[in-house]
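The lines below spell out each chain.
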Amino acid sequence: MATHLPDDFKCPISLEIMSDPVILSTGHTFDRSSIQRWLDSGHRTCPITKLPLPQHPCLIPNHALRSLISSFTVPKLQPDPNPYRNPNPNPSKKYQTQLLISTLVSPSSTLESKLHSLSQVTRLTKLDPGLRRQLTESGAVSAVLNCVNSTECEIQEKALAFLLNLSLDDDNKVGLVAEGVIGLVINVIRVGSSSSRAIGCTILTSLAVVEVNKATIGAYPNAIKSLIWVLYNGKGREVREAATALYAICSFVDNRKRAVECGAVPILTKIGGMGLERAVEVLSLLVKCKEGREEMRKVNGCLKLLVKVIRNGSERGVQCALFTLNCLCCFAEEIRIEAEKDGVLEICVGFLDDDNEKIRRNASSLVQTLSGRG
């Protein structure tokens, strides 16, 4: 079989078709068993580039390549002309899902049958990690990505919901990014329905759990700008999900400056003043960079928002507002003077006995700063 398949499907070590391709930190892909034997033999260099590897190299599953190999080697199922009738009275989840996926990829499938298939496959994968893994490895992602591009809102939303389910597993997060999910999601965030935008933002939050994805998303053209666009133009759930995604992405240092440059601070200040505390959480990350502090110093209403949350916010909101205000007071003397005039010192003294350890610590730091001892 190997002679009839592309050379890219062969492991550079064994020269056999890969069954479990994994990516080394140098960017080259090997079959897991072959590269593991290489590492177990004591080698700490890439077999191809000879570049040094860390003591404990990370092997990232190459789901995209595995899907391609599967599409060449596994016979494709014919779509069921009637997806509501199953000839097997007791089908396994895997078999049932394969039939549903085959319906999605068939050009002859009706809109109704595609909607049904997407609804079913999303339901099946919601609580079944094993099935999510099988689907990712079987090439199902590429079929669903085509549905994300659909001009039919219902199909697009259901396809996004399915991708969100797949993204719940850490092993899938890097693979989904490799499949091109980020670009499609960013496009949906800009032009999709309100519901699609909300799901798209949630997908970015889920993908950003993996550190390398935070860097990839942040560097992607218009990714951060699109989230800020939703904060400015969106309503309700989509705004909350966009703020959550921005918070997840900005936990990566390089993305904070990008967010500030895209105009995040005045918009976060505005929606924070309208009651969305997650905006203050994002500000508590942006204040860690010089650009963020400079922008907050200039934006009208930022100090007022922080004081408001310190007085009346939730525990998490108070914690973040105290931290942000302390950073700003250390950065700009005029902010320290204004905060003192607003009675922040007295409020902070009251927090020194708070049950929340982080609130006590942040309040203590701000007391020292306002008292001139910081």
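Here, the structure is the one placed above.
This structure is a prediction, so every number in the text was calculated from the model and none was measured.

Cut-off values and rules
Residues numbered from 1 in each chain as written. Predicted model: local features only at pLDDT ≥ 70, side-chain atom pairs only at ≥ 80, totals over all residues. Heavy atoms only, no water. Helix = DSSP H or I, 4+ residues; strand = E, 2+ residues; numbered from the N terminus. Buried < 20%, exposed > 50% of the residue type's maximum accessible area, 1.4 Å probe, protein only. Contact = heavy atoms within 4.5 Å. Areas by Shrake-Rupley, 256 points an atom, 1.4 Å probe, with all protein chains shown as cover. Expected span 1.5 Å × (residues − 1). Axes fitted to C-alpha atoms, helices over the stretch in contact; angles between N-to-C directions. Parallel < 35°, antiparallel > 145°, perpendicular 65-115°, else oblique. Left-handed = near helix turned anticlockwise from the far one by under 90°. Nonpolar A, V, L, I, M, F, W, Y, C, P; charged D, E, K, R; others polar. Pairing = 2+ DSSP bridges. Salt bridge = Lys/Arg side-chain N within 4 Å of Asp/Glu carboxyl O.

Regarding its fold elements, the protein chain presents 22 helices and three strands. Burial status across the protein chain gives 49% buried among its 374 residues. Restricting the contact set of the protein chain to residue pairs at least 6 apart, pairs at least 24 apart contribute 63%. For the protein chain, the accessible area works out to roughly 18,000 Å², and carbon and sulfur atoms hold 52% of it.

This part takes up the environment of Glu294. Relative to the helices and strands, Glu294 is located in helix α17 (residues 290–298). Once the C-alpha coordinates of Glu294 and Phe331 are considered, the two residues, 37 residues apart in sequence, prove to be 8.5 Å apart.

Each α-helix turn comprises 3.6 residues. Residues three or four places apart therefore point the same way. The end-to-end C-alpha distance of helix α7 (residues 153–166), which contains 14 residues, comes to 20 Å, matching closely the 20 Å that a straight helix rising 1.5 Å per residue would cover. Three or more residues of α7 are buried, namely Ile155, Gln156, Ala159, Leu160, Phe162, Leu163, Leu164, Asn165 and Leu166.

A word on the packing of helix α15 (residues 264–273) against helix α16 (residues 278–286). Interhelical geometry of α15 versus α16 gives an angle of 150 degrees and a closest axis separation of 9 Å. Relative to α16, the element α15 lies roughly antiparallel. Our pair here, α15 against α16, has a crossing hand that is left-handed. Residues Ala264, Val265, Leu268, Thr269, Ile271 and Gly272 of α15 form the contact with α16, whose participating residues are Ala279, Val282, Leu283 and Leu286. Split by residue class, the contact of α15 with α16 holds eight nonpolar, two polar and no charged.

This next bit is on the sheet that holds strand β3 (residues 60–61). Sheet architecture is open: three strands sit in the order β2-β1-β3, paired in antiparallel fashion. In this open sheet, the two strands that pair with only one neighbour each are β2 (29–31) and β3. Those strands touched by helix α1 (residues 32–40) are β1 (21–23), β2 and β3, and its axis lies near 95 degrees from that of β2.

Following the criterion strictly, the structure yields 13 salt bridges and no others. Here Glu281 makes a salt bridge to Arg278, at a shortest N to O gap of 2.9 Å. You can see Glu281 and its partner Arg278 sitting in helix α16, three residues apart, about one turn around the helix. Of the charged contacts in the structure, one is a salt bridge between Lys341 and Glu338, with a shortest N-O distance of 3.8 Å. Note that Lys341 and Glu338 are positioned in helix α20 (residues 333–341) at a spacing of three residues, about one turn of the helix. Taking the relative accessible area as the measure of exposure, Lys341 reaches 62% and is therefore exposed.

All right, on to the environment of Ser117 then. Summarising the element assignment, Ser117 is placed in helix α4 (residues 111–126). Taking the C-alpha atoms as reference, Ser117 lies 8.6 Å from Leu99; in sequence the two are 18 residues apart. Excluding residues within four positions of it along the chain, Ser117 makes contact with Leu100, Thr103 and Leu104.

The values are spatial; any link to function lies outside them.
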